[in-house]
Amino acid sequence: MEPSTHAAPQAPVRFETQPSSYHHWKLSFDGATARLAMDVSEEHPLRPGYALKLNSYDLGVDIELADIVQRLRFEHPEVKTVVVTGGQPKVFCAGANIYMLGSSTHSFKVNFCKFTNETRLYLEQACSESGQHYLAALNGVASGGGYELALACEEILLSDDGNSAVSFPETPLLAVLPGTGGLTRLVDKRKVRRDLADVFCTLAEGVRGKRAQDWGLVDQSIPKSRFDQTVIARAAALAATSPDKAGPGVKLPPLEVRRHDEGERAGADYRYVSVAINRGTRLAEITMLAPDEDPPSTAAALRQKGAEAWALRAFRELDDVLLDLRFNHPEIGLVLLRTRGDAALVLAHDAALASQQDDWFAREVLLNMRRVLKRLDLTARTLFAMVDAGSCFVGSLFELTIAADRSYMFDGSEGEGDAAFVALSALNFGPLPMSNGLTRLQTRFLGDPSHVAKVQKLEGFLDAPAAMKAGLVTFTPDAMDWEDEVRLAVEERVSLSPDALTGMEANLRFAGPETTETKIFARLSAWQNWIFQRPNAVGERGALTMYGRPERPEFDWRRT
Amino acid sequence: MSSVVNSERIPNNVNLSGDKKLQRALEAWQPKFIDWWKEMGPEGFMEDQIFLRTAISVDHEGWANFDYVKMPDYRWGIFLADAVPDRKINFGDFIGKPAWQEVPGEFRNTLRRLIVTQGDTEPASVEQQRLLGLTCPSLYDLRNLFQVNVEEGRHLWAMVYLLNSYFGRDGREEAEGLLERRSGNSDKPRILGAFNEPCSHWLSFFMFTYFTDRDGKYQLLALSESGFDPLARTTKFMLTEEAHHMFVGETGVLRIIQRTCQLMKEDKNGDARAQGGIDLATMQKYINFWYTVSLDLFGGEISSNAASFFGSSLKGRAKEESYPDHLALEGTYGMEVPVMGANGTPATFKHEDVPLRNAMNEILRDEYVEDAQRGVDKWNRAIAEAGFSVQLTLPNRRFHRASGIYAGLHFDPAGKPLTKEEWESQKGAWLPVDADEVYVKSLMTAPIYEPGKMAHWIAPPPRGIKGRPLDFEYVKRSE
């Protein structure tokens, strides 16, 4: 199943879309309520070879969903409740398309699951942080990923019509697991009793009506004749809990990007971000530019600036680069993170954002920054930050340094070459937590929590010795060593097993407490990815392979 | 043969008195069933004496005992076809293994769903037909309606027996659920589409018993092959009763045709409607409707469920022994699958070789289509004998489908693809419209209770029931 390192060329996956291009979702607005109907177009799969029957989804469907969730936050601040419902008769959503999974490479499956998980978490974040409540109105069967989508919503209403049901048929039918956080949300978020959850997860046909409510699988089971009116009433009640947001929405225009791809080299240039890919050395270099003008001085001015605001545009661009790397460049093992530009302007923009956090738009910009940095944390590539002369790893961009697995800071304190500096801002101390709920600095200094307060007192720009002393960087080679050190580090790293590195990095990156989020990703990588590789699922007679085929699967019965 | 106990509340040949737990469960269910029957069974005839056939055993003598009985006192019994000693499973992956006498845990949920889906159709049809007695065309037909109804009730009992015996608490809950759902009620509809369609007059009743009960026949044939022996034996016996229902449908439609042809001859323009009959064009529309909603009941043309039912030896093909290969792992079934063009209109068809197991629904549907055609041929012979050249036809199986590969697409009765607009503008010529319903009902406003007399729109049957004359009082009205 696994392709060679140089996979056969396929059209790259692109993550940008817009409402006029949606194939699979119907979005309508009624005051503070938006209605999001899933109506997957069978004949528009992302790749040819399978039909998206029964409102099943593939990456293309989820890219649209992610776009919708993102646009609702920025473009529709008036929306306070989003009703997620099925646009096809009898079925809300049948989950991820099995034939798509069966015909995908392992790395694609893993990244598909990761992306869909991120989208579900973004949707939850919209509920908890942005006052946009997602309400699942299940007017048909919600199975597998369909029920997982509902679980990501704040509330689940189920039509009691004798047909509509929620189910996790993965284990009994496919010998895999629900891959989008369903198991975790069942017991951790909805707090369904584990014995009932155990029964539910082995019952392919799922649970309907009153029992679904009694077991806590849904919030309410409602007779069909009263379903629509109850959904409207609940949507209004949820909306009433969110305060109004000032001013009109902010449009998200397409990102302007110039891509190039020739032989071993590929790359893309955005306004503030560029990426250079070398397939020969399996290296990518991402460079982020600082803003080139002063920040808007008020929240209203920032809203005026809209999608052009540096903190929004630059991080949207970074997001696009990360997804491109994950899906279209699986052979790239190591990413060097670089920055360029006026560090003072980065700090000025950070300060402005921090002071405008009461405004919904400034807050959304920060929340987006938070999501993108988490996406970076969760990208299964080695990350080295290159803090060299001319870089601006300060404040929000300093997060890149400590999101990285290691950092190399040029020590110019002996006067040879221009010195490199780092600096901290308010954004390093709260607004940008990792998925474990801690800031990156808190996670970094778990062994001595008081150290975070100490580094918070460090004012101004820190040179390499000061940054080293404060524990903010890993290595500080000087002019004599820099080139060799960096070259050796890169060559050594790309020689190591990509699987071992993925596992090692994921284990080391997420120290500290468990959250629903960390559990979802850890279990996804540990369990689901393991099961996805095992012969009982994907072997010649595995259940996933045999699904839809005339023969029944055969299992190797030995348990680990 | 197995011993039959008739002295008890529930006649049976399953040694009910020897299984106290099951007996208690069924005796607890029985009053709920009677309540359901009184609420949802035939409206207005509960006190009447009906000349009904009651099965009291499964042998040739016992399964057809005729006598007057009030419907609520009908003895709904539990009868399984006699066990085949040392029966071996005859298809699927478990071929050659002894037939299961208990539910294999691995297939418990699947089997339960199969049984509940089959069981749900039985009370559903009683509900669909509950008002028909009030407009009956004769006492003979009224009695036939009730015979069908009580036997559907008995079929419900048969499925409830399986649920209670073999599926524990879940089975008991499902047995209750069978009495809680209601045909056509959007809050608690019956499971399958055709069983929520209104059956509001006798033309629909005859079409239903001809076309929809025939789906039942094929489902029962497929289930009577099951590796789960109690299911196989139960459904085998149900088939004998189902045959009568289709007889009611086939002869009912035939008698309408005979009458229509007679009225066509009497009318100077050959117009049966002008003479108060049901014209052949209208009959064709009802054929189109009931045939196609019944085709849907077989499930998707390409179905992983069907493959898994067959592979697991749970549901075979009708008359499995007539097929050469019972594993069905080799070989394919060629299908022309519509390929979508612009505007959701199928542009063309592509040939697909579907693995045999995945095509089991379509294989069963093929048998059904062939069988359904036989009655239509008889009807056409009657029309020809009356001297008319009109032919009734079964529409192409792509026409008016709500499930499977043609669902959501539009075709004319010949199977030619249509755009949505073409479909919308022409469907009224092919399927019953409100005006047809109004017209057909206008012929059936009052019941005919006079022995031997027939409604104007239907011919008398050639003979009565069980040697009784046509003017026999098949139903003794209580008031």
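Residues numbered from 1 in each chain as written. Chains lettered and ligands numbered in written order. Predicted model: local features only at pLDDT ≥ 70, side-chain atom pairs only at ≥ 80, totals over all residues. Heavy atoms only, no water.

**Some words on the overall build of chain A**
Broken down by element type, chain A carries 22 helices and 21 strands. Computed over C-alpha atoms, the radius of gyration of chain A comes to 24 Å, within 12% of the 24 Å expected from 2.2 N^0.38 for 560 residues, which places it in the range of a compact globule. By principal-axis analysis of the C-alpha atoms, chain A measures approximately 80 × 55 × 45 Å. Within the span of chain A, comprising 560 residues, buried residues form 56% of the whole. Partitioning the intrachain contacts of chain A with sequence separation of at least 6 by distance along the chain shows that 74% fall at a separation of at least 24. Looking at chain A as shown, the accessible area adds up to about 23000 Å², and 53% of this sits on carbon and sulfur atoms. The averaged location of the 75 negative side-chain charges in chain A is 7 Å from the averaged location of its 62 positive side-chain charges. (Helix = DSSP H or I, 4+ residues; strand = E, 2+ residues; numbered from the N terminus. Rg over C-alpha atoms; globule rule 2.2 N^0.38 Å. Buried < 20%, exposed > 50% of the residue type's maximum accessible area, 1.4 Å probe, protein only. Contact = heavy atoms within 4.5 Å. Areas by Shrake-Rupley, 256 points an atom, 1.4 Å probe, with all protein chains shown as cover. Lys, Arg positive; Asp, Glu negative; His and termini not counted. Charge placed at Lys NZ, Arg CZ, Asp CG, Glu CD.)

**Observations concerning the domain arrangement of chain A**
Residues and elements named next belong to chain A. Assigned domains of chain A: these are domain 1 (20-239) and domain 2 (262-504). Once you take the C-alpha centre of each, domain 1 and domain 2 turn out to be 34 Å apart. With 16 residues of domain 1 in contact, the opposing surface of domain 2 contributes 17 residues. Where domain 1 abuts domain 2, roughly 1600 Å² becomes buried across the two surfaces, and 51% of that area is made up of carbon and sulfur atoms. Three residues stand out in domain 1 for area buried against domain 2, namely Phe74, Tyr122 and Glu129, and they jointly supply 33% of the buried area on that side. On the surface where domain 1 and domain 2 come into contact, there are five salt bridges. With a shortest N-O distance of 2.9 Å, Glu364 and Arg73 are connected by a salt bridge. At the junction of domain 1 with domain 2, the criterion picks out ten residue pairs in polar contact (both at pLDDT 80 or more). When residues of the side of domain 1 that touches domain 2 are traced back to their parent elements, those giving at least two are α1 (59-75) and α3 (106-129). The element best represented in the side of domain 1 that touches domain 2 is α3, accounting for ten residues. Among the residues forming the side of domain 1 that touches domain 2, the class breakdown is seven nonpolar, five polar and four charged. (Domains from an automatic or database assignment. Buried area = accessible area lost by both parts, 1.4 Å probe. Salt bridge = Lys/Arg side-chain N within 4 Å of Asp/Glu carboxyl O. Polar contact = N/O pair within 3.5 Å; in protein donor to acceptor, adjacent residues only side chain to side chain. Nonpolar A, V, L, I, M, F, W, Y, C, P; charged D, E, K, R; others polar.)

**As for the packing of aromatic side chains**
In this structure the tally under the stated criterion is 62 aromatic pairs over all chains. Ring geometry for Phe555(A) and Trp557(A): centres 5.4 Å apart, planes at 90°, overall edge-to-face. Residue class for Phe555(A) comes out partly exposed when judged on its relative accessible area of 32%. Here Trp557(A) falls in the exposed class, since its relative accessible area comes to 70%. Judged by centre distance (5.7 Å) and plane angle (35°), the rings of Phe33(B) and Trp36(B) are tilted. Within this pair, Phe33(B) and its partner Trp36(B) are both found in helix α1 (residues 20-40), separated by three residues, close to a single helical turn. One exposure class covers both Phe33(B) and Trp36(B), and it is buried. (Phe/Tyr/Trp six-rings, centres within 6.5 Å; stacked < 30°, edge-to-face > 60°.)

**Section: the interface of chain B and chain A**
Listed as interface residues are 23 residues of chain B and, on the opposing side, 19 residues of chain A. Summed over both partners, the interface of chain B with chain A buries about 1600 Å², with 39% contributed by carbon and sulfur atoms. Counting across the interface, chain B meets chain A through six salt bridges. In this structure, the salt-bridge partner of Asp93(B) is Arg552(A), at a minimum N-O distance of 2.8 Å.

**As for the pattern of salt bridges**
Scanning the model with the defined rule gives 87 salt bridges over all chains in all. A salt bridge links Arg487(A) to Glu491(A), with the shortest nitrogen-to-oxygen separation between them at 3.3 Å. Taken together, the residues span about one helical turn, with Arg487(A) and Glu491(A) both in helix α18 (residues 482-494) at a distance of four residues. Where Arg255(B) meets Asp141(B), a salt bridge forms, and the shortest distance between an N and an O atom there is 2.8 Å. Taken together, the residues span a long stretch of sequence, with Arg255(B) in helix α6 (residues 229-266) and Asp141(B) in helix α3 (residues 139-166) at a distance of 114 residues. Exposure class is identical for Arg255(B) and Asp141(B). Each is buried. Taken together, the salt bridges that share partners define one network made up of Glu205(A), Arg208(A), Arg211(A), Arg108(B), Arg112(B), Arg113(B), Arg169(B), Asp170(B), Glu173(B) and Glu174(B).

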